[in-house]
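Descriptive analysis of the structure
Here is what each chain is made of, one letter per residue.
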Amino acid sequence: MDPPRTGSPYQPAIEALEGHPEKKFYNVSKLGGAKYDTLPYSIRVLFESSVRNCDGFLVKETDAMNILDWKTKQNYVEVPFCPARVVLQDFTGIPAMVDFAAMREAVRNAGGDPVKVNPACPTDLTVDHSLQIDFSKCAIQNAPNPGGGEQKPLARLSPLKLPLRKPPPCRGHSGCRGSCGAGEAGRSSGPFSAQIENTPILCPFHLQPVPEPETVLKNQEMEFGRNRERLQFFKWSSKVFENVSIIPPETGMAHQVNLEYLSRVVFDDVKDFLHPDSVVGTDSHTTMVNGLGILGWGVGGIETEAVMLGMPLTLTLPEVVGCELTGTVSPFATSIDIVLSITKHLRQADVAGKFVEFFGSGVSQLSIADRTTIANMCPEYGAILSFFPVDNVTLKHLKHAGFDKAKLEVTEAYLKAVKLFRDYESSSREPEYSQVVQVSLSSIIPYVSGPKRSQDRVAVNNMKSDFQACLNEKSGVKGFQIAAEKQNDVVPVQYEGNEYKLSHGCVVIAAVISCTNNCNPSVMLAAGLLAKKAVEAGLMVKPYIRTSLSPGSGMVTHYLSSSGVLPYLSKLGFEVVGYGCSTCVGNMAPLPEAIRNAIKQGDIIACGVLSGTKNFEGRLCDCVRANYLASPPLVVAYAIAGTVRIDFDMEPLGTGFNGKNIYLRDIWPTRQELHTVEEECVISSMFKELKEKMEKGNKRWNLLEAPESTLFPWDLKSTYIRCPSFFDKLVSTVDLSTRLYALHLNVLVMVRGLVRSSLTDFFQFGFYSRLTPREFNSYGARRGNDAVMTRGTFANIKLLNKFIGKPAPKTVHFPSGQTLDVFEAAELYQKEGIPVIILAGKKYGLGSSRDWAAKGPFLLGVKAVLAESYEKVHRSQLIGIGIAPLQFRPGENPSTLGLTGREQFSILFPPDLSPRMTLDVKTSTGKVFSVIALFENNMEITLYKNGGSLNFVARRFL
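Small disclaimer: the values here were computed from a predicted structure and weren't measured. (Residues numbered from 1 in each chain as written. Predicted model: local features only at pLDDT ≥ 70, side-chain atom pairs only at ≥ 80, totals over all residues. Heavy atoms only, no water.)

**Concerning the overall build of the protein chain**
Helices and strands together make up the secondary structure of the protein chain, namely 30 helices and 36 strands. The buried share of the protein chain, taken over its 958 residues, is 58%. Residue pairs at least 24 apart in sequence account for 74% of intrachain contacts in the protein chain once pairs closer than 6 positions are excluded. Roughly 38,100 Å² of accessible area belongs to the protein chain as shown, and the carbon and sulfur atoms make up 52% of that amount. (Helix = DSSP H or I, 4+ residues; strand = E, 2+ residues; numbered from the N terminus. Buried < 20%, exposed > 50% of the residue type's maximum accessible area, 1.4 Å probe, protein only. Contact = heavy atoms within 4.5 Å. Areas by Shrake-Rupley, 256 points an atom, 1.4 Å probe, with all protein chains shown as cover.)

Here it is in structure tokens:
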């Protein structure tokens, strides 16, 4: 990002940061006065950006004043926004980097200096979409008995001793130094046995470092082999472009890397000039960073490229819904309960297309993991973003995430100086919001689901009475129809030398699973801490209950181990059984025969409790008729209680040492305990691991050869990377007064809206017809090849083109009348020198905001689209690539105007084109009608006259 523009009218607002005179910043809090104090924090970030980037052309002084007048201008004016950085993932990022490489080529050919062509905005690209699962069947996957042989019941432990029995051997993990003693004997000596320089995973059975599983190494080898051309191009990009950082494969997913490593919160990279961190990305998970107080959201590819080139995004000044969190979270409510409850409230509040900003005393009770998860749920409730201003919780998190003391001091001082720091103990005036939604955290209570369907939610404090009602109710979705005189039956059973009593509601299966809805670290840690307190209090789980622990990944095992709770889970019987779908899908060892017989003999309604996703009758075991889904800590609690017919508020879980009754409230971990362990054991560990990966890379990436030339050496035989033709006619100057002219257009397709391309259609294309689906790799991997993408435009087999009358990727070429593939018809029109137009219905472009939805039509020769209405993002992308968006007048469409699409359309674009100007259209049949040129401002007209944003910026390099 460039330093402040010298021509900015706001230069006098630059100050030195108190206590850090070398740090400069725009003091927008003084510049905005009383109006600034009423702005939502998210709008303050927009205002600071407009002030800092004001140049009188891309960002005008009136833009800043419109943002300052947000209260009266929301929903009415469009404003520019210049994010501090860009985050890309490789599928959406490769077209952008290919365009930059092509721009260098074009600038050199036009007599300019290609070295000057670099992103103006810091850009990070994470290669995280190229892995495919060619090899699976991990040595421990779906293996409740990984040691082989006859599986014996797990011996219960004395409350004073840890287990003495020998853990099972970890088959396949030959590098483990645990008690299995496998040593080096089983290590593979094949081509995939080299260890990647990543943090080693832990053997889930002995908690000892082991080499990467062979399947992981094989998949990585295939990934690098299959994507070598793409990876070499990315590595070349990282070498020659300024402001570009490539995060190599096997480092992490884009949104996680963004949170854990790339986020700055406050930027001070250029000449010690401070400003808020903000980001746009091409991934829907970009909104997660709002949980860290970083304004960001996902946009389309062409807009992202424009930001990379130093141009602002344009957005309608949004409404901001204030979500006030009040009250105190129930001690038994987990993070999952909180996130889902807030999501439900926001969905009902109709926040679609708006900013959401959180405030109130309850916010400080949410961890950063809670906040980022809520922010990531934006697509669920339709908001553009959900913003959590930086507060003390954020600063504490940043400390654990690796921010040094000096960086934290500057961050806090700057945010307080510009009033972007939220202090919930301060009496300062609250911002004004478009509307306020109140959510009482006190009303959020823990639920379980069951006993037969996941949609049947039961409040935990009603569990005992609800189960009783199920016994009484007729057989059906909830009822078991047990006669009143049999509801208190007890069946004695002998097991391992002791007698136990089974009754209706007894728990016989308890499985802790960290997949899908239970992947938040806090809920797994809650289960571990509860287990620790239970063991320390003298509580145990009855030995006949089939208990298990199935982590969703090695990272879960790692943080359960590093936090010290894994041995306590194991002591209660919750031992790691492997990494794969197990209890949820019925993949579990059978219940002990004595227990099965007792259940059947007494017609007992036995229960299973698990933290998974499926719980219908008979799913876990044919004799377990009631199955409940619960959070991980509640699974442990019900296992200790041994029954679901318990009121946790009034009845003890069991008897501890010295005969003392132990209640759930006595051993339930507090949210503060969870936050502390999460930050110190999980966050710091994850950050450390990611930092090591970022600094070291991995062997394959480090050894990967890539050119270092200023211009990319295009390989004409490459099927992945090809120089696009967007800049073929680039010249240093263009006479904009003659740029607009009369277009005589044939209709390429006549559709209702835009339909995405289909992968299967690409096998029609030349050499691709000789490739197997696996050799093809993926559609996304080919996005750096414009020939593939152009072939795929309008190639979906479900395309409804009115010329054809049935779903097919076909159209009619006029005037010959030939029925051809859309690509073939477009190719023929281009050979004839005839530009084309698309006729469309309402919301053209809805469902596809991808860059190639605009680039593809451009390369097919499309000069204009005439539609009843547009999806907003797609309209701007059409302009960004040089296609004119035209709109029928209200109440008019092809049917009302009697258009068949077989006509030729003549449109005159005058030199004095203005926003939303009415243009006349004349058809070859003599019909004349008017349309609206859907340019919203003069900047869009300038871009269009230059042939789109790419050519506009390319000329600036000349």
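Once you've had a look at it, read on.
**Things to note about the sheet that holds strand E17 (residues 435-440)**
Spatial strand order, E16-E15-E14-E17: four strands in an open sheet with parallel pairing. Of all the strands in the sheet, just strand E16 (385-387) and E17 have a single pairing partner and so form its edges. Strand after strand, the sheet turns through a mean of 25° between neighbouring axes, direction not considered. With three bridges connecting them, strand E15 (residues 355-359) and E16 associate as parallel partners. Bridge assignment links phenylalanine 355 to a residue of E16, and that residue is leucine 385. Each of strand E14 (320-326), E15 and E16 is contacted by helix H2 (residues 41-52), which is oriented at about 120° to E15, the strand it contacts most. (Pairing = 2+ DSSP bridges. Axes fitted to C-alpha atoms, helices over the stretch in contact; angles between N-to-C directions.)

**A closer look at the sheet that holds strand E8 (residues 244-247)**
Overall, parallel pairing links the five strands, which are arranged E8-E5-E4-E11-E12 in an open sheet. Each edge of the sheet is formed by a strand with only one pairing partner; in this case those strands are E8 and strand E12 (295-298). For this sheet, the mean angle separating the axes of adjacent strands, direction not counted, is 15°. Pairing between strand E4 (residues 85-89) and strand E11 (residues 278-281): three bridges, direction parallel. Bridge pairing in E11 links arginine 85 to valine 279. Sheet contacts for helix H5 (residues 90-109): E4, strand E5 (123-126) and E8; angle to E4, the most-contacted strand, approximately 115°. This element, helix H9 (residues 301-308), spans E4, E5 and E11 of the sheet and lies at about 140° to E4.

**What about the side chain of glutamine 74?**
Note on placement: glutamine 74 falls in the loop between helix H4 (70-73) and strand E3 (78-81). The buried category is assigned to glutamine 74, whose relative accessible area is 12%. A distance of 2.5 Å separates polar atoms of two side chains, one belonging to glutamine 74 and the other to serine 434. What glutamine 74 contacts, discounting residues up to four positions off in sequence, is Leu317, Pro318, Glu319, Val320 and Ser434. (Polar contact = N/O pair within 3.5 Å; in protein donor to acceptor, adjacent residues only side chain to side chain.)

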